[in-house]
Amino acid sequence: MSKIAVVYWSGTGNTEAMANEVAEGAKSAGAEVEVFTPDTFTADKMDAYDAVAFGCPAMGAEELEDTEFEPMFKECEAKLSGKKIALFGSYGWGDGEWMRTWEETCKSAGAELAHESVICTEEPDDDAKSACQELGKALA
């Protein structure tokens, strides 16, 4: 049984809803899943998991939330090499540039992206929820 961490930050609840769907997808595929927010997850925990899903909405000029999520993620970057990960998040404007930049950061750090990243505008609809479940299954 694989161990999966789902780590997310959510300001409005949209990315939290996505995180819950990712966790459910991984559980349905037989994985042991723990869900964290940035204040409860550190780089030291990366080695305890077979895969990690990171979720963060686009903020400001299409960037990661910079007071809690980005500092935690920066700390985790050194542990991404060879790690199976997946990314998800919501946005309210722009074209998803923050996600493309985030994917490149992860690839440059040597991470293995297990599934196409899932993004949605505002609250996740049924298609986004289904895509999040598939992302979770891919990590498992």
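Whatever comes next refers back to the structure up there.
Residues numbered from 1 in each chain as written. Predicted model: local features only at pLDDT ≥ 70, side-chain atom pairs only at ≥ 80, totals over all residues. Heavy atoms only, no water.

### Some remarks on the overall build of the protein chain
Phase 1 of the analysis: When its secondary structure is counted, the protein chain shows four helices and six strands.
Phase 2 of the analysis: The order of α-helices and β-strands along the protein chain, N terminus first, is β-α-β-β-α-β-α-β-β-α.
Phase 3 of the analysis: By principal-axis analysis of the C-alpha atoms, the protein chain measures approximately 40 × 30 × 25 Å.
Phase 4 of the analysis: Approximately 6500 Å² of the protein chain is accessible, and the part contributed by carbon and sulfur atoms is 43%. (Helix = DSSP H or I, 4+ residues; strand = E, 2+ residues; numbered from the N terminus. Areas by Shrake-Rupley, 256 points an atom, 1.4 Å probe, with all protein chains shown as cover.)

### Description of the pairing of strand β4 (residues 84–91)
Within a regular beta strand, the side chains point alternately toward one face of the sheet and then the other, so they alternate between its two faces.
Phase 1 of the analysis: Counting buried positions along β4 yields seven of eight residues, so the element is predominantly enclosed.
Phase 2 of the analysis: Here strand β3 (residues 51–55) runs beside β4; their pairing, made up of five bridges, is parallel. Paired with F54 across the two strands is L87, which belongs to β4.
Phase 3 of the analysis: In terms of handedness, the path from β3 via helix α2 (residues 69–76) over to β4 forms a crossover that is right-handed.
Phase 4 of the analysis: Sheet analysis places β4 next to strand β5 (residues 112–113), joined by two bridges and oriented parallel. Each bridged residue has a counterpart across the sheet, and for I85 the counterpart in β5 is L113.
Phase 5 of the analysis: As for the winding sense of the linkage, the β-α-β connection from β4 through helix α3 (residues 97–108) to β5 is right-handed.
Phase 6 of the analysis: Alignment of β4 against strand β6 (residues 118–121), held across four bridges, turns out to be parallel. By the bridge assignment for β6, F88 is matched with V118. (Buried < 20%, exposed > 50% of the residue type's maximum accessible area, 1.4 Å probe, protein only. Pairing = 2+ DSSP bridges. Right-handed = clockwise from strand over helix to strand, strands pointing away.)

### So, unusual backbone geometry
Phase 1 of the analysis: Residues other than glycine seldom take positive phi values, yet E62 does so here, at roughly 55 degrees.
Phase 2 of the analysis: Take E62: it is sitting in the loop between β3 and α2.
Phase 3 of the analysis: We classify E62 as buried; its relative accessible area is 12%.
Phase 4 of the analysis: Of note, the phi angle at E122 is positive, near 60 degrees, even though the residue is not glycine.
Phase 5 of the analysis: Inspection of the secondary structure puts E122 in the loop between β6 and α4 (126–139).
Phase 6 of the analysis: A relative accessible area of 43% places E122 in the partly exposed class.

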